[in-house]
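Spelled out, the chains give:
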Amino acid sequence: MTYAAHDFAPDAVAPSTGHYIGGTYRAADEASIEVTRPSDGRVYGAVPEAGEAGVDAAVASAVTAASESGWARCAPRDRARVMRRWADLIDTDQRLTEIECVGSTRPIGQACAQDIPFTAEAIRFFAEYADKDGGDLTATRADSLGFVAAEPFGVIGAITPWNFPLSMASWKCGPALAAGNAMVIKPSELTPFSTLRMAELAVEAGIPAGIFNVVQGTGATTGAALVRHPDVGKISFTGSNATGQRIMADAGGAGVKPVTLELGGKSPQLVFADVPDFEHVAQCVVRGFTANGGQACISGTRLIVHERLAQPLVERIVEIVSKMKPGPTWAATTDYCPIIGRAQADKIETLVAQAKQAGAEVLTGGSRFADGPGGLFYRPTVLANVTDDMAVVAHEVFGPVLTVQTFRDEAEGIARADHPHYGLAAGVHTRDIGQAMRAMRGIQAGTIWINRYGRSRDLAIPTGGYKGSGIGKDLGRQAFEACQRYKSVLMDFEA
Ligand code: NAD
């Protein structure tokens, strides 16, 4: 089991670095990228950047391991057993947890309670699929046999974002490995180290060397080379909408290969006047836009509230968030985390400033913490008097910024909640089941939460976007199936 959260000394955490290929670190003489701790802005390491040659070496290692290690051909239950052992190592590895927290926005308390157990659980969850879906027998004439055989792609390339480095990696590698694929994964250059530790633990657990490879580098160089590589059969990506569009074009340009794209959102919390529990709704809205400093794809950043409830609800939200205190990710008591880097903090400030200039009213926040612990901490911010054409309403901010809009009747509320371009998730709060179901039908989003906001530990529930928020699903049976190809077989014989 995961151990209790503890304070740790950031300078004592010295992650291994490099590309992890074929079960070892490859010396790399490529240009190196400095990596910064968001909690105090200090550089604490560097990674090399793989160009086409480095990516080719990792893919070649995966191709060889896929054909020679027996990973694809072994009894699927044997893959499952090794993956469960890997999950157990992840669950109890203190070094992994500290590496995850020191350079990301994830405070150690939340990593111990959520990220680490979720990561391990996602791997166990997909391990269970390994021997439970081999394809289908189909109905045919009596003198023939038709079946659909499930087969791995061979090598799957995964590209992950910085906001939940380990969880996002587990959502990619859990289904890919359980289905018998080898992998090359490129973590974000902002949070590159914990995926390396994950790879070390994979080999320790018995996953053959070369089945799980990690390459480092920027998206434009390393990520693009991975997408374009001819021996990569599928790309599974999580990140921004702009990058997703680029990857889709690159994957098409490199010959046809499937892509799973988990992209950003601009998710509403639609609050009707008849909510069952006012305080619960206030807490849901607060968590929805402040968790991970608002740096979550599913952040519920648009409050769409019935005009009768607007004033008391917004007052309560402001009261709760005004008391939030930031802290470094290595302190066990920290709840409110930093912004990942300067560029992201600047983007948040620009969008809020533009909104203010266009007439938005700042009810709380609207600036960095003056007395932050040295990193980039932005105050939870609530904006009223906003309009749909303001960038802060129309686009993902990826920071702790909530906009407030009101409505008078159900149709208006649902129409406002349904964003024209994004469709990742939505929260609906009402005690009226009919109203909840009409909102569920009316909002075009991949996930609808009713009288709650945020994922549960039910990993069988897939996640993924409608519209510009993506293609395909992570988690759930759907994610496992998307890591397989299906071969149709029809055989005639004498009846
Ligand atoms: P990003 O798109 O900037 O980068 C994501 C990854 O893509 C990184 O590893 C990056 O190096 C790589 N990349 C960048 N350009 C590339 C290119 N041309 N080719 C190949 N790879 C490239 O996103 P980010 O800032 O790291 O992450 C935040 C974004 O991720 C937000 O938009 C957030 O909503 C989204 N996200 C979505 C989900 C989901 O499940 N839908 C989950 C987490 C984050």
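The following paragraphs examine the structure supplied in this document. As the structure is a prediction and not an experimental result, all values here were calculated from the model.

1. Considerations on the site of the ligand
Here's step 1: Inspection of the region around the ligand gives 27 residues, with E189, S240, T243, L263 and E396 positioned closest.
Here's step 2: In this structure, an oxygen atom belonging to the ligand sits 3.3 Å away from a main-chain N or O atom of G239.
Here's step 3: Contact distances for the ligand include 2.6 Å between an oxygen atom and a side-chain N or O atom of E396.
Here's step 4: Calculation on the ligand without its partners gives an accessible area of 840 Å², and the protein chains cover 90% of this total.
Here's step 5: Sorting the residues of the shell around the ligand by element identifies α7 (219-228), β10 (234-238) and α8 (241-253) as the ones contributing at least two each.
Here's step 6: Looking at side-chain class alone, the shell around the ligand contains 12 nonpolar, 10 polar and 5 charged residues.
Here's step 7: Counting contributing residues per domain, the shell around the ligand is built from domain 1 (10-263 + 470-488) and domain 2 (268-461), each supplying no fewer than three.

2. Let's talk about the nonpolar core
One recurring pattern in soluble globular proteins is that nonpolar side chains are buried together.
Here's step 1: Residues W86, L177 and F212 are the most contacted members of the largest nonpolar core, which totals 93 residues.
Here's step 2: If you tally residues by element for this core, the top one is helix α4 (residues 108-127), at 10 residues.
Here's step 3: Counting contributing residues per domain, this core is built from domain 1 (10-263 + 470-488) and domain 2 (268-461), each supplying no fewer than three.
Here's step 4: By size, the runner-up hydrophobic cluster in this structure holds 24 residues, among which are V271, V275, F377 and L402.

3. Concerning helix α3 (residues 94-102)
Here's step 1: Burial within α3 is extensive, with 7 of its 9 residues counted as buried.
Here's step 2: Regarding α3, the residues found buried are L96, T97, E98, I99, E100, C101 and V102.
Here's step 3: For α3, the elements touching its buried residues are β4 (43-48), α2 (76-92), α4, α5 (165-178) and α6 (193-205).

4. Quick notes on the packing of aromatic side chains
Here's step 1: In total, this model carries 11 aromatic pairs according to the counting rule given.
Here's step 2: Between the aromatic rings of Y20 and Y25, the centroid separation amounts to 5.1 Å while the plane-to-plane angle is 70°, which identifies the pairing as edge-to-face.
Here's step 3: Taking 5.4 Å as the distance between ring centres and 70° as the angle between the ring planes, the aromatic pair formed by F125 and Y129 counts as edge-to-face. Taken individually, F125 and Y129 each receive the classification buried, so the pair is uniform in this respect.

About the thresholds
Residues numbered from 1 in each chain as written. Predicted model: local features only at pLDDT ≥ 70, side-chain atom pairs only at ≥ 80, totals over all residues. Heavy atoms only, no water. Near = heavy atom within 4 Å. Polar contact = N/O pair within 3.5 Å; in protein donor to acceptor, adjacent residues only side chain to side chain. Areas by Shrake-Rupley, 256 points an atom, 1.4 Å probe, with all protein chains shown as cover. Helix = DSSP H or I, 4+ residues; strand = E, 2+ residues; numbered from the N terminus. Nonpolar A, V, L, I, M, F, W, Y, C, P; charged D, E, K, R; others polar. Domains from an automatic or database assignment. Core = buried A, V, L, I, M, F, W, Y, C linked by side-chain atoms within 4.5 Å. Buried < 20%, exposed > 50% of the residue type's maximum accessible area, 1.4 Å probe, protein only. Contact = heavy atoms within 4.5 Å. Phe/Tyr/Trp six-rings, centres within 6.5 Å; stacked < 30°, edge-to-face > 60°.

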